[in-house]
Amino acid sequence: MRPAAVAFYGAALGLLVVGLRELLTGFEENRCSMTYMFEYPEYRRVVLPRRVARLYPAYGLYLYGEGVYAQETRALKLSGAPVLFLPGNAGSYKQARSLGSVALRKAENLDGGVHLNVFTVDFNEELVALYGGSLLRQTHFLHESIKAILRLYKHLKTPPQSVALVGHSMGGVVARALFTLPRFNPHLVSLIITQASPHVAPVLALDPYLLDFYAAVRQKWVKQANRLRNVTVLSVGGGYRDYQVRSGLTSLPRPPGDVNKLSLVVTAVPRTWVSTDHLSIVWCKELVLATVRAFFDLVDADTRQFTDDPARKLTVLNHHFIRHPGRKLRDAQDSAVSISDVPEAWSEVNTLRLSYSTPKEGQLKYFLFALSSRRKAYSHFYCRSNNLETSSWVLGCQHANGSTCARAVDLSMGTELLPPYKVLVLSLSDLSSVTHLAVSASNLNGKQFTVECEWQREASQTLSVSVPHVLSFGVTASDVTVNSSGLLHNIQLLHFHQVYQAFRITVASQCRGTRDRLPSAYRMRVSWFREDSFTTASTPSAADIPAMLHTSRPDNASAVLLQLHTAPNCQYKVSVRTSFPKVLGQALRFCGPMVPVYTAVTLLLACGGQLSSVLTSGRPADMMQAAGRGLQPHKVNLPVYLLHILLSCSCFQDFLPPEDTIAPTLPEGAESAAEWPHLLSPLLYVLGAAVAYWGSALLRVLIRLVSLVLAPLHRPSVSRTCGTLRRRTQLLLGLGLTITGWMSCGALAILASSLLHLYRVVRLQMTERSLSHMLNLAPRRHKPAANGAVDGSGERGGAGLLSEGALQEVRDDLQLHLSLAPLLLLPVTLGAPSLIHWTRDLRFCARLDPDPCWLHAAPLVFCYLLLINGDTLTLSNRLLPVVTCLPLPLAVTMATFSSLHLYRVAYFLSAALVPLAFCCVL
């Protein structure tokens, strides 16, 4: 290995490790509370019709229960509102226990017998995120399960007409796919709640069936958007803790004006405010409570079933998931309230700010703010309280009687919950019918809390700061100082609109005096996507806020806003710096699937370099040198970018598949963001080349170790033909493996042929070691040179097989096959999900149907078997110059069309390996 190459690829590997570390661990700790079962959970299997059980033997439908409820529902005589949980990729049906247990405890505390029946589907823990062949089968079984559930309620006078669905991960995608079935009645499902479900595109497109499934779902919901407006769908993303499904993919594609499709991140859910990983989003107590409360509010009091009113459903979901007013849900927002007319309980406030802490003794207390003298000078009224009890605490006085209010309306429905307190911001322009504002600070129960209110001018509360450039590497910072004479300040983060940007925001506070203050709350507000995040800090203190985006900003959206709910008489210094590790983490989060594509490009170009070396000098180069030369960005990235520009022209749109004309992982409305992955492609190419370089080195070490282990089991060989196969054997093995792949799984045939090639490499390694040892032990024959000197370059031991030339031939073949081995392992890796799915489903079906590897399994099998006999001598024929020219154009085409479709890598590798295999035959 050359020191320069080792240093370069070592640095590239370091960048990759930093990015992966930031992606996998660079987030807050898990602050979710665990949900616990109070009694032993039971899963009652629902008997399905024989036809359904015969068609789907691996699947099942269960009813969740605990304790007495489980005994009461043993006969499946149900009367509650049906909820069906759908597990996701490799998910268990038992994950419904959190939802079911919390729903049971909630029903016990309610009067009227309102309760939920939580069902769950067993999808056999299939890897549907990596193998799309089962998605349509799961969708059909879900349809049958819904019909079976509704049949359980036929004995009721008013049986339910629909089932509410809760889908985790790919379960949410399957729930939306129901509407693509030709015989599905859309009225059977009117509410879908999805958790960490990638609706925009699959995380990894490892087979075409995944993309076909997504295309069918997208086409159905776009073309029939008007018919599906009554279907309410809520999608919740996990935030940055979920590195498996980034939250940008959970955004629901929806037509303009469709308010019944809601998308948000769990960090923005009121009374949750935490980020969840891909599994904890199912059992996170804060989110489960919000979901269960929403379900119970959606139950109609008369029918005890879920309401069919879309407006009611939207109101309930907005209340629990978007903006919680800190009180129970009511139909009328501005309702008249009764108010005390005791003069001693009222105090008129004439100052600009109120700060009041209740005493330990319970009392009745109201503060009255006159609006007439403040309308011209101020635009808003801001009030907050750390009394989180559900109450009407801010009132609009319509008729004042001296220092008391005679008639008032409740304005508290505009309250918004923040982690430390509740906040209400009123626009004075909306209060034309109100003469005074009344703030309740009553604590009849003796509970102590603090109320702070002030008049505000919106213009004076807003500042702007330009974020540093992404390539500033944190050296420079953008600072802004807030001298807090108010309780709320807004800082616009200008030029912060792309997902590859990442910053570390430090908010340091200094205060005068040592009195107790309410904690400060910092809110990162994104206007185009509900991905708000909250940070709470004591005062004075210094808090670090990670600033990243889940989706790029559309062209017509406003800037990102940093809201500071501050303490009075304090100074806040806000510093914004670029975080280079987080930038790398964002690049891998959004463009990570392109790294294995560039790894394949590097290995393909390295193989092409070896063939060129054989063509010119008759010998291949060292394996690691060839891997190091596979990085050729000037020959790959520039043509790829030019092809991207050319294919974006309208004249080529009709000739390309839909998934190639629209990048499925980019958010809607972010057309300007489509360029930045191509600008990052050189960096991704370097990271992919580092994976190829060090992966090849690791494979070389493993082959040496395996050869040492297997050496005692084999007789020493000194021939370069060790491990080769006869033509007849190759033909029989090829036919046998092809038939095996067709009857079982194509990936299995590819794996078997790859192992045969690896055995050939191991035998060459063993032969190379045996020859080296023999030549070191054999005496050297010295022959006189022409000048009378002694020439020591003669053969050893007198045997032609033990010559230096024979050793060099074996070493040349070994280097050639070591360069081929990583390339041949790539199709095995890409076919691993379908192979795993086949092995887990083997007890139900011996054949994988559909099989994503069937198209290229037979060519690859015969290529692997023919390449086993390949060496530098057989490759040197007339076809080699043509084969040497193929890797570069294939690499460029692969990087262009496989960046979002990893399964195509196997196709391009097949196109490169088939001509190479012919070189070994001709």
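Source: prediction; values computed, not measured.

S.K.: If you had to explain the overall build of the chain to someone new, which residues and values would you point to?
M.R.: Per the secondary structure count, the chain includes 27 helices and 30 strands. Each of the three principal axes of the chain carries a C-alpha extent, and together these read 125 × 70 × 55 Å. Every one of the 922 residues in the chain was classed for burial, and the buried ones make up 56%. A separation threshold of at least 6 residues defines the contact pool for the chain, and within that pool the share at least 24 residues apart is 81%. Of the roughly 39500 Å² of accessible surface on the chain, a fraction of 57% belongs to carbon and sulfur atoms. Considering the chain, the positive charge centre built from 86 side chains and the negative charge centre built from 61 side chains are found 4 Å apart.

S.K.: So what's going on with the state of the cysteines? Which residues, and what values?
M.R.: Using the criterion set out here, one finds four disulfides in the structure. Across the disulfide, Cys 32 is cross-linked to Cys 284 (sulfur-sulfur distance 2.2 Å). Between Cys 32 and Cys 284 the disulfide shows an S-S torsion of about -85°. By sign, it is left-handed. One end of the pair, Cys 32, is in the loop between α1 (3–25) and β1 (41–45); the other, Cys 284, is in the loop between α8 (280–283) and α9 (285–297), with 252 residues separating them in the sequence. Across the pair, Cys 284 and Cys 32 agree in class, each one buried. Between the sulfur atoms of Cys 383 and its disulfide partner Cys 453 the distance amounts to 1.9 Å. Of this pair, Cys 383 sits in strand β13 (residues 380–385) while Cys 453 sits in strand β19 (residues 450–456), and the two are 70 residues apart along the sequence. Neither Cys 383 nor Cys 453 differs from the other in exposure class; each is buried. Looking at the chain, its bonded cysteines, counted consecutively from the start of the sequence, adopt the pairing 1-2, 3-6, 4-5, 7-8.

S.K.: Hey, could you go over the nonpolar core for me, with residue numbers and the actual values?
M.R.: Ranked by size, the top nonpolar core spans 123 residues in total, and within it Ile 491, Leu 493, Ile 505, Val 574, Met 894, Leu 913 and Leu 916 carry the most contacts. Setting aside its immediate chain neighbours within four residues, Leu 913 contacts Leu 823, Leu 824, Leu 860, Cys 863, Tyr 864 and Leu 867. Counting residues in hydrophobic clusters, the runner-up holds 97 residues, among them Val 174, Leu 178, Leu 252 and Leu 262.

S.K.: I'd like to hear about the sheet that holds strand β25 (residues 533–537), residue by residue, with values.
M.R.: Taken in spatial order, the five strands line up as β20-β22-β27-β24-β25 in an open sheet, and their pairing is mixed. Each having just a single partner strand, β20 (462–466) and β25 make up the two edges of the open sheet. Neighbour-to-neighbour, the strand axes of this sheet turn through a mean angle of 20°, independent of strand direction. Where strand β24 (residues 520–525) and β25 come together, five bridges link them in antiparallel fashion.

S.K.: Please set out helix α12 (residues 594–617) residue by residue, giving values where relevant.
M.R.: Over its 24 residues, α12 extends 34 Å from the first C-alpha to the last, a length consistent with the 34 Å expected when each residue adds 1.5 Å. Counting buried positions along α12 gives 18 out of 24 residues, so the element sits mostly inside the fold.

S.K.: Tell me about the sheet that holds β13, and name the residues and values.
M.R.: One open sheet holds the five strands; their spatial order is β11-β19-β13-β17-β16, and the pairing between them is antiparallel. Single-partner strands in this sheet number two, and they are β11 (353–357) and β16 (416–417).

S.K.: Give me the lowdown on the packing of aromatic side chains, citing residues and values where you can.
M.R.: Applying the stated criterion to the full structure yields 25 aromatic pairs. Centroid distance Tyr 56 to Tyr 59: 6.3 Å. Interplanar angle 10°. Geometry classified as stacked. Its relative accessible area of 4% is what places Tyr 59 among the buried residues. An angle of 80° between the planes, with centres 5.8 Å apart, marks the rings of Tyr 903 and Tyr 907 as edge-to-face. Taken together, the ring pairs in this structure connect Phe 8, Tyr 9, Tyr 693 and Trp 694 into an aromatic cluster. Positioned over the ring face of Trp 221 is Arg 176, at 4.8 Å from the centre of the ring. The cationic tip of Arg 847 hangs over the ring face of Trp 742; the distance from NZ or CZ to the ring centre is 5.2 Å.

S.K.: For the side chain of Ser 575, give the residues involved together with the corresponding values.
M.R.: Turning to its location among the elements, Ser 575 is positioned in strand β28 (residues 570–578). Looking at Ser 575, its side chain comes within polar contact range of the side chain of Asp 479, at 2.9 Å.

S.K.: How would you sum up unusual backbone geometry? Please name residues and give values.
M.R.: A negative phi angle characterises most non-glycine residues, just as the trans form characterises most peptide bonds. With an omega of 0°, the peptide bond between Thr 539 and Pro 540 qualifies as cis. Here Pro 540 is to be found in the loop between β25 and β26 (542–548). Residue Pro 850 is bonded to the preceding Asp 849 through a cis peptide linkage, with omega at 0°. Of note, Pro 850 is situated in the loop between α22 (832–840) and α23 (854–868). Unusually for a residue other than glycine, Arg 304 sits at a positive phi of about 60°. By the element assignment, Arg 304 lies in the loop between α9 and α10 (310–322).

S.K.: Before we move on, can you summarise the packing of helix α26 (residues 887–897) against helix α27 (residues 904–919) with the specific residues and values?
M.R.: Running from amino to carboxyl end, α26 crosses α27 at an angle of 170°, the nearest separation of the two axes being 10 Å. By the criterion of interaxial angle, the relationship of α26 to α27 is roughly antiparallel. Between α26, through Leu 890, Thr 893, Met 894 and Phe 897, and α27, the contact on the second element is made entirely by Arg 904, Val 905, Phe 908, Leu 909, Ala 911 and Ala 912. Considered class by class, the residues forming the contact of α26 with α27 number eight nonpolar, one polar and one charged.

S.K.: Describe the side chain of Gln 195, with residues and values.
M.R.: Tracing the backbone through its elements, the reader meets Gln 195 in strand β6 (residues 191–195). The exposure class of Gln 195 is buried, given its relative accessible area of 5%. For Gln 195, the contacting residues outside a window of four places in its chain are Val 166, Gly 167, His 168, Ser 169, Val 236, Ile 281, Val 282 and Thr 291.

S.K.: Go over the pattern of salt bridges with me, naming the residues and quoting the values.
M.R.: Tallying each qualifying case throughout the model produces 21 salt bridges. The salt bridge partner of Arg 105 is Glu 66, with a shortest N-O separation of 3.0 Å. Placement of the pair is Arg 105 in helix α4 (residues 97–108) and Glu 66 in strand β2 (residues 60–66), with a sequence separation of 39 residues. Looking at Arg 105, the relative accessible area reads 15%, which means it is buried.

S.K.: Any details on the pairing of strand β3 (residues 81–86)? Residues and values, ideally.
M.R.: Counting buried positions over the six residues of β3 gives six, a clear majority of the element. Going residue by residue along β3, you find Ala 81, Val 83 and Phe 85 tucked away on one face and Pro 82, Leu 84 and Leu 86 tucked away on the opposite face as well. In terms of strand pairing, β3 meets strand β4 (residues 116–122) through five bridges, oriented parallel. By the bridge assignment, Pro 82 is partnered in β4 with Asn 117. In terms of handedness, the path from β3 via α4 over to β4 forms a crossover that is right-handed. As paired strands, β3 and strand β5 (residues 164–168) are joined by four bridges and run parallel to one another. Residue pairing for β5: Phe 85 is matched across the bridge by Val 166.

S.K.: How would you summarise the pairing of β2 if you had to cite specific residues and measurements?
M.R.: In terms of burial, β2 is a largely internal element, seven of the seven residues being buried. Residues Gly 60, Tyr 62, Tyr 64 and Glu 66 of β2 are buried on one face, and the alternating residues Leu 61, Leu 63 and Gly 65, pointing to the opposite face, are buried as well. Pairing of β1 with β2, which is carried by five bridges, proceeds in the antiparallel orientation. Looking across to β2, one finds that Arg 44 is bridged to Leu 63. Alignment of β2 against β4, held across four bridges, turns out to be antiparallel. Of the residues in β4, the one forming a bridge with Gly 60 is Asp 122.

S.K.: Please set out a nonpolar patch on the surface residue by residue, giving values where relevant.
M.R.: On the surface, Leu 638, Tyr 641, Leu 642, Ile 645 and Leu 679 cluster together into a nonpolar patch covering about 490 Å² of accessible area. A total of four residues in the nonpolar patch trace back to one element, the largest contributor, which is helix α14 (residues 633–647). Counting through the fold element by element, Tyr 641 comes out in helix α14. Accessibility expressed as a relative area gives 30% for Tyr 641, which makes it partly exposed.

Rules of the game
- Residues numbered from 1 in each chain as written.
- Predicted model: local features only at pLDDT ≥ 70, side-chain atom pairs only at ≥ 80, totals over all residues.
- Heavy atoms only, no water.
- Helix = DSSP H or I, 4+ residues; strand = E, 2+ residues; numbered from the N terminus.
- Buried < 20%, exposed > 50% of the residue type's maximum accessible area, 1.4 Å probe, protein only.
- Contact = heavy atoms within 4.5 Å.
- Areas by Shrake-Rupley, 256 points an atom, 1.4 Å probe, with all protein chains shown as cover.
- Lys, Arg positive; Asp, Glu negative; His and termini not counted.
- Charge placed at Lys NZ, Arg CZ, Asp CG, Glu CD.
- Disulfide = S-S within 2.5 Å.
- Core = buried A, V, L, I, M, F, W, Y, C linked by side-chain atoms within 4.5 Å.
- Pairing = 2+ DSSP bridges.
- Axes fitted to C-alpha atoms, helices over the stretch in contact; angles between N-to-C directions.
- Expected span 1.5 Å × (residues − 1).
- Phe/Tyr/Trp six-rings, centres within 6.5 Å; stacked < 30°, edge-to-face > 60°.
- Lys NZ or Arg CZ within 6 Å of the ring centre and 35° of its normal.
- Polar contact = N/O pair within 3.5 Å; in protein donor to acceptor, adjacent residues only side chain to side chain.
- Parallel < 35°, antiparallel > 145°, perpendicular 65-115°, else oblique.
- Nonpolar A, V, L, I, M, F, W, Y, C, P; charged D, E, K, R; others polar.
- Salt bridge = Lys/Arg side-chain N within 4 Å of Asp/Glu carboxyl O.
- Right-handed = clockwise from strand over helix to strand, strands pointing away.
- Patch = residues over 30% accessible without salt bridge, like charges linked within 9 Å, V, L, I, M, F, W, Y side chains within 5 Å.

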